[in-house]
Amino acid sequence: QGQVVESGGDLVQPGGSLTLSCTVSGFSLDEYAVGWLRQAPGEERKGVVCMNSENEGSRSYYASYAKGRFTISRDKTKNTVYLHLNSLRPEDTAVYYCAVQRTNFCQGYSQYHSWGQGTQVTVSS
């Protein structure tokens, strides 16, 4: 039960912007934390940002490289979480994943239990 569907990845030039979408069904964002992660070529999957559940105030935790450039947001009416990517760099090239955690507070990687299929973001001139 439950589904996570991502979209919005594209080829973009350095300095460009992109918005990724994550539509969640079968999970309540009032109750569970949700995050974005990415996996660059030849690297392990790493967290980009995690947002606490609505009931826990939706506080967000960003990786250092994401602060000031990436922003997570939520539209409850659409059951959708967004990741706004700005000032993109070639090193941001990766498959970006949306995932739901097992708890209301953001926890470690092992707490992600439902994943989207990933969407490719390529930053290149």
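Residues numbered from 1 in each chain as written. Predicted model: local features only at pLDDT ≥ 70, side-chain atom pairs only at ≥ 80, totals over all residues. Heavy atoms only, no water.

Visitor: Can you tell me about the environment of Ser-114, naming the residues and giving the values?
Guide: Its location among the elements puts Ser-114 in strand E10 (residues 112-115). A C-alpha to C-alpha distance of 19 Å links Ser-114 and Ser-58, two positions 56 residues apart in sequence. With near-sequence residues (within four places) excluded, Ser-114 lies in contact with Val-4, Phe-27, Cys-98, Ala-99 and Val-100. A distance of 2.9 Å separates polar atoms of two side chains, one belonging to Ser-114 and the other to His-113. (Helix = DSSP H or I, 4+ residues; strand = E, 2+ residues; numbered from the N terminus. Contact = heavy atoms within 4.5 Å. Polar contact = N/O pair within 3.5 Å; in protein donor to acceptor, adjacent residues only side chain to side chain.)

Visitor: Please set out the nonpolar core residue by residue, giving values where relevant.
Guide: Leu-20, Trp-36, Val-48, Phe-70, Leu-83, Leu-85 and Tyr-96 are the most contacted members of the largest nonpolar core, which has 27 residues in total. Beyond its immediate sequence surroundings of up to four residues, Leu-20 is in contact with Ser-7, Gly-8, Gly-9, Trp-36, Val-81, Tyr-82, Leu-83, Leu-85, Tyr-96, Thr-119 and Val-121. Formed by six residues, the second largest nonpolar core is a distinct cluster that contains Leu-37, Cys-50, Cys-106 and Tyr-112. (Core = buried A, V, L, I, M, F, W, Y, C linked by side-chain atoms within 4.5 Å. Buried < 20%, exposed > 50% of the residue type's maximum accessible area, 1.4 Å probe, protein only.)

The analysis is restricted to geometry; functional conclusions fall outside its scope.
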